[in-house]
Structures are given as C-alpha cells and as structure tokens.
Amino acid sequence: ESHPIDCWSWYLPENQARESGQLFEIHQEILTWKARLGIDESPVFVTGISSGGAITAGLLACFPDYFAAGAIHSAPSYG
C-alpha cells in the first residue's frame, strides 16, 4: 500500500509479512534487478535509516534465508 507522502508504511500488518505488502515487493524487485543485470548469487546486504531502517528490520526478519546481514539506524524494531 502506498503512503500518501511516499513514505514506507512499515507499521501496517500487511507490510510486516514475507508474502505480502512492501517487504514482498522489495524482495521481488531485488530478484528482478539481479536477474536483469546478471548478478550472481553473492550474499545480499541491506541497510536503512528511520522508516527505511524499519523496512530493513522487516526484510531481515522475513527473509533470513536471502539477506546475509543488514544495518539499521534510528528505527523501531521489527513487529
């Protein structure tokens, strides 16, 4: 779901799940671009600040099998 001022809506339940919402869309976008650019299966790292940090926490929690590690700054914890 889009936010009225284009911010991450990390606080919505559908955006805190592996199979729906913004986390799912971000993961799919990463897979799409890696395939388009021919990037191999090297580890993927993610980082974010503020609401982007909340998204980073969600990505790490929901896709532990995909993201190798991440850095979170000035953000709430996942869930």
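Use the structure listed above.
None of these values were measured; they are calculated from a predicted model.

1. Re the overall build of the protein chain
Of the regular secondary structure elements, the protein chain holds two helices and two strands. Reading the protein chain from its N terminus to its C terminus gives the helix and strand order α-β-α-β. Over its C-alpha trace the protein chain gives a radius of gyration of 12 Å, about what one expects of a compact globule, namely 12 Å for 79 residues. Judged by the C-alpha coordinates and their principal axes, the protein chain covers about 35 × 20 × 20 Å. Counting every position in the protein chain, which comprises 79 residues, the buried fraction comes to 34%. Of the contacts made within the protein chain by residues no fewer than 6 positions apart, 45% connect residues no fewer than 24 positions apart.

2. Focus: the pattern of salt bridges
Pairs may arise between side chains of opposite charge once their charged atoms sit close together. Enumeration over the complete set of coordinates arrives at one salt bridge. With a closest N to O distance of 2.9 Å, Arg18 and Asp65 form a salt bridge. Of the two residues, Arg18 sits in the segment before helix H1 (21-37) while Asp65 sits in the loop between helix H2 (51-62) and strand E2 (67-73), which places them 47 residues apart along the sequence.

3. A closer look at H1
Taking 1.5 Å of rise per residue, the 17 residues of H1 would be expected to cover 24 Å, and the 24 Å separating its terminal C-alpha atoms lies within 8% of that figure. Turning to H1, its buried residues are Gly21, Gln22, Leu23, Ile26, His27 and Lys34. Looking at the packing, one finds that the buried side of H1 touches strand E1 (44-49), H2 and E2.

Procedures and definitions
- Starting from 1, residues in each chain are numbered consecutively following that chain's sequence as written.
- At least 70 in pLDDT is required for a residue's local features to be given in this predicted model, at least 80 for side-chain atom pairs to be given and counted, and no such filter applies to totals for whole chains, interfaces and linings, which use all residues.
- Processing note: side-chain calculations cover all non-hydrogen atoms of the structure and skip hydrogens and water entirely.
- Only DSSP runs of H or I with at least four residues qualify as helices, and only runs of E with at least two residues qualify as strands; both kinds are numbered from the N terminus onward.
- Restricting the calculation to C-alpha atoms gives the radius of gyration, and the globule rule supplies 2.2 Å times the number of residues raised to the power 0.38.
- Think of it in three bands: residues with accessible area under 20% of the maximum for their type are buried, residues over 50% are exposed, and the middle band is partly exposed, with areas taken using a 1.4 Å probe on protein chains only.
- In what follows, a contact means two residues having at least one pair of non-hydrogen atoms within 4.5 Å.
- Salt bridges are defined by distance alone: a side-chain nitrogen of Lys or Arg within 4 Å of a carboxyl oxygen of Asp or Glu.
- Expected helix span is computed as 1.5 Å times (number of residues minus one).

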